[in-house]
Amino acid sequence: MNQSSNRKLTRLIPSAFILFLIFNLQNCMFFKHHLQTYNRPFVNVIIKHNIEDIQASNIGIFDFGHSAGLKELGGSFAQFTKDYLLYKKSIRLIELVGKKAGTIDECIKTGRKMGYDLILVGYITEMFYGGISTSSKISISLRIIDVRNKVTLWYTKGHMEGQYEEPVDYIFFIKESKEAPPPHELGGLLVKEMLNEIKGIAQTQHHKGQTDRLKTFLRLYSLSYEYKNIDKFITFFTHDALENNKPFHELLPKYRRNMEMIESLNYRIELVDYFLLANTEKVMVQGKYFVRYILHGGTWKENSGRLSMELIKNGDSYLIKRLNYGY
């Protein structure tokens, strides 16, 4: 196959099969909504307290404080915090205050008036979207405060960055530039890491039945991929599923063409973590994939990376609502 043909075939490859088909490009990653590199979150716990004092209380969560223009983002982070704490079963009663965090004294006054034992106050202290030229970044601080005596029980600061990617010409394949991930994606990952620093939260065990069902789903999904059974593969997705923010159904012609290019492959997914979204039937899954593949006339290649899925309940199993990965 000449160089020109290789370029044309590469442009036909849908995003899922970039996992398999491009000469040694490394490290795909699934819960991230774009194909970017994420730096590991930096979290500094400044004040710790006995977790039992927090678990036995009722707590009100303020919308995260922020600069002008970030109203929706502050509310989204508050909702995520509530959902994650409920999922971890770490606090007896959790509610959203429905107000943006002001000064600490203002929040304490509001918390007392609304009858909370504790309040959780978050602030977005820095946020920058890097686009195609530099890194995105976000910094957040979180406090849990006892409103009766104004004592801060837990205080932590966190920071996270996401890199943009420059274009690279690999002779047979041109890797396009990728924008840095938007700060709201970084913020969700950062808040989760910060909440896990509360002593005892990260040790909460998943329900065994739920874990087994998810592992079974991922195994069956992987087998349909491995056997190149496109008709079966389609049944794992909702009709409006998205893959890296593109409608899944639009990628099906490319899936079929690329399956014809693969002689054989082995594919599996390892479940790393998951959490349930409160008051919904949605499950957020994080995992790792491992793949060995060979193109017709080629040699065996190996690859691995991280992935994430948003699943919805479908009887005793699930359907994929959103599928995300990247380098």
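Residues numbered from 1 in each chain as written. Predicted model: local features only at pLDDT ≥ 70, side-chain atom pairs only at ≥ 80, totals over all residues. Heavy atoms only, no water.

*Asks:* How would you explain a nonpolar patch on the surface if you had to name every residue and give the values?
*Replies:* On the surface, a cluster of nonpolar side chains totalling about 310 Å² of accessible area is made up of Leu220, Leu223 and Tyr227. In this fold, Leu223 is placed in helix 7 (residues 208–226). For Leu223, a relative accessible area of 30% corresponds to the partly exposed category. (Patch = residues over 30% accessible without salt bridge, like charges linked within 9 Å, V, L, I, M, F, W, Y side chains within 5 Å. Areas by Shrake-Rupley, 256 points an atom, 1.4 Å probe, with all protein chains shown as cover. Salt bridge = Lys/Arg side-chain N within 4 Å of Asp/Glu carboxyl O. Helix = DSSP H or I, 4+ residues; strand = E, 2+ residues; numbered from the N terminus. Buried < 20%, exposed > 50% of the residue type's maximum accessible area, 1.4 Å probe, protein only.)

*Asks:* How would you sum up the pairing of strand 4 (residues 58–63)? Please name residues and give values.
*Replies:* Most of strand 4 is tucked away: six of the six residues are buried. In this sheet, strand 5 (residues 93–100) lies alongside strand 4 in parallel orientation, the contact comprising five bridges. The partner of Asn58 across the bridge, within strand 5, is Leu93. With three bridges joining them, strand 4 and strand 6 (residues 118–128) adopt parallel strand pairing. Considered in strand 6, the bridge of Gly60 is made with Ile119. (Pairing = 2+ DSSP bridges.)

*Asks:* Account for unusual backbone geometry, naming residues and giving values.
*Replies:* Despite not being glycine, Lys150 has its phi angle at roughly 65 degrees, a positive value. Its location among the elements puts Lys150 in the loop between strand 7 (136–146) and strand 8 (151–163).

*Asks:* I'd like a description of the pattern of salt bridges, backed by residues and values.
*Replies:* This structure, assessed with the given rule, holds four salt bridges. When the shortest N-O distance is used, the salt bridge between Asp146 and Arg148 registers 3.0 Å. For Asp146, a relative accessible area of 8% puts it in the buried group. The class of Arg148 is exposed, set by a relative accessible area of 59%. Note that Glu302 and Arg292 form a salt bridge whose closest N and O atoms lie 3.3 Å from each other. Of this pair, Glu302 sits in strand 15 (residues 301–314) while Arg292 sits in strand 14 (residues 282–295), and the two are ten residues apart along the sequence.

*Asks:* An account of helix 9 (residues 252–261) is requested, with residue identities and associated values reported.
*Replies:* Every buried residue of helix 9 is accounted for by Leu252, Tyr255, Asn258, Met259 and Met261. Viewed along the axis of helix 9, the buried residues span an arc of 160 degrees, placing them on a single side of the element. (Arc of directions from axis to C-beta.)

*Asks:* Go over the nonpolar core, please, and point to the residues and values.
*Replies:* Judged by nonpolar contacts, the single largest core of 33 residues is most densely connected at Tyr221, Phe237, Tyr267, Val285, Met309, Leu311 and Ile320. Listing elements by their share of this core, those giving two or more residues are helix 7, helix 8 (230–234), strand 11 (237–243), helix 9, strand 13 (262–276), strand 14, strand 15 and strand 16 (317–324). Top element by residues in this core is strand 13. It accounts for six residues. Discounting chain neighbours no more than four positions away, the residues touching Phe237 are Tyr221, Phe248, Leu319, Ile320 and Leu323. (Core = buried A, V, L, I, M, F, W, Y, C linked by side-chain atoms within 4.5 Å. Contact = heavy atoms within 4.5 Å.)

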